[in-house]
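In case you want the letters, here they are:
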Amino acid sequence: MLGALIYGVLSAVVDVYLTPYLNLSTCRFYQLATAPQVNEPPHFDSWNDNF
């Protein structure tokens, strides 16, 4: 009985801490998956002369 209570409290604390991060990562994935595809030219870095 005491183990179930401790487990419930610990899982609630972890859930409150992790839920915002999981929801934000899901939203970001959706944004990237539904964004229009843009064909950009290759990036040229003038500070790097390695071709």
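What you are looking at is a predicted structure, and each value in this text was computed from that prediction instead of being measured.

> Now, about the overall build of the protein: what can you tell me, with residues and values included?
When you go through the protein residue by residue, the secondary structure sums to one helix and zero strands. Total accessible area on the protein is roughly 5400 Å²; 68% of this is exposed by carbon and sulfur atoms.

> Explain a nonpolar patch on the surface residue by residue, including any values.
A grouping of Leu2, Leu5, Ile6, Val9, Leu10 and Val13 is seen on the molecular surface, where their side chains present a nonpolar patch of about 590 Å² in accessible area. Relative to the helices and strands, Leu5 is located in helix α1 (residues 2-34).

> Please provide a residue-by-residue account of α1, values included.
Over its 33 residues, α1 extends 47 Å from the first C-alpha to the last, a length consistent with the 48 Å expected when each residue adds 1.5 Å. Taking the largest bend as the criterion, α1 deviates by roughly 35 degrees, centred on Leu18, and proline Pro20 comes between one and four positions later.

Parameters at a glance
Residues numbered from 1 in each chain as written. Predicted model: local features only at pLDDT ≥ 70, side-chain atom pairs only at ≥ 80, totals over all residues. Heavy atoms only, no water. Helix = DSSP H or I, 4+ residues; strand = E, 2+ residues; numbered from the N terminus. Areas by Shrake-Rupley, 256 points an atom, 1.4 Å probe, with all protein chains shown as cover. Patch = residues over 30% accessible without salt bridge, like charges linked within 9 Å, V, L, I, M, F, W, Y side chains within 5 Å. Salt bridge = Lys/Arg side-chain N within 4 Å of Asp/Glu carboxyl O. Expected span 1.5 Å × (residues − 1). Bend = angle between axes of the 7 residues up to and from the residue.

Limitation: the analysis is restricted to geometry and does not speak to function.
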